Amino acid sequence: MEPLKILIADKLTPQAMRLQAQLPPWVQCVGIACDYDTVYSLIESHQPHVILLNMNMALVLGNNQFPGQHIIIAIADEARPEYLRLGLELKARDLLVQPLQAGQLGEAIEKAWH
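Below or above, wherever it landed, is the structure these notes cover. (Residues numbered from 1 in each chain as written. Predicted model: local features only at pLDDT ≥ 70, side-chain atom pairs only at ≥ 80, totals over all residues. Heavy atoms only, no water.)

## Topic: the nonpolar core
No. 1: Grouped together as the largest cluster of nonpolar side chains are 19 residues, with contacts concentrated most on L7, V39, I51, L53, M55 and F66.
No. 2: For this core, the secondary structure elements donating two or more residues are β1 (4-9), β2 (27-33), α2 (36-46), β3 (50-54), α3 (55-61), β4 (71-76) and α4 (81-89).
No. 3: Leaving out residues up to four positions away in the same chain, L7 has contacts with V30, G31, I32, A33, V39, L42, I43, P48, V50, I51 and L52.
No. 4: Ranked by size, the runner-up nonpolar core spans 18 residues in total, among them L23, I73, L105 and A112. (Core = buried A, V, L, I, M, F, W, Y, C linked by side-chain atoms within 4.5 Å. Buried < 20%, exposed > 50% of the residue type's maximum accessible area, 1.4 Å probe, protein only. Helix = DSSP H or I, 4+ residues; strand = E, 2+ residues; numbered from the N terminus. Contact = heavy atoms within 4.5 Å.)

## Quick word on the sheet that holds β2
No. 1: One open sheet holds the five strands; their spatial order is β2-β1-β3-β4-β5, and the pairing between them is parallel. Two strands in the sheet have a free side with no partner beyond their single neighbour: β2 and β5 (94-97). Each adjacent strand pair in this sheet contributes to an overall mean axis angle of 20°, direction not counted.
No. 2: Set on the sheet, α2 makes contact with β1, β2 and β3; between it and β2 the angle comes to about 145°.
No. 3: Its contacts with the sheet place helix α5 (residues 104-113) against β1, β2, β3, β4 and β5, and it is angled at close to 150° to β4. (Pairing = 2+ DSSP bridges. Axes fitted to C-alpha atoms, helices over the stretch in contact; angles between N-to-C directions.)

Shown next as structure tokens:
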């Protein structure tokens with residue numbers, strides 16, 4: 001059985017690296033994208049099951065859908081109403097607000113996947 005593939009989409013590389021370090025051992029990070037061209041390229045080449053999408057990046061993207069079939073988990077730097085609205089438009093399975101508690105990311109991924 002192939003591992004669950006995760007793509008991290010975040011404009012800030014250090015923040016994306018922190019997210020990657022919090023991933024549970026049963027998932028495979030297929031890439032970190034800090035711009036939209038890289039997001040679309042990695043989606044096409046690796047076909048991730050789950051996209052961890054920072055809401056600052058999503059604000060610029062708007063409600064455009066990513067190509068393919070995948071689950072979106074939205075991650076926000078702060079709780080803001082526009083993040084909730086955009087998360088709903090993107091059909092995100094969860095909206096997490098940083099800083100994340102220990103195990104919170106793994107629980108959100110598991111809940112979204114099952």
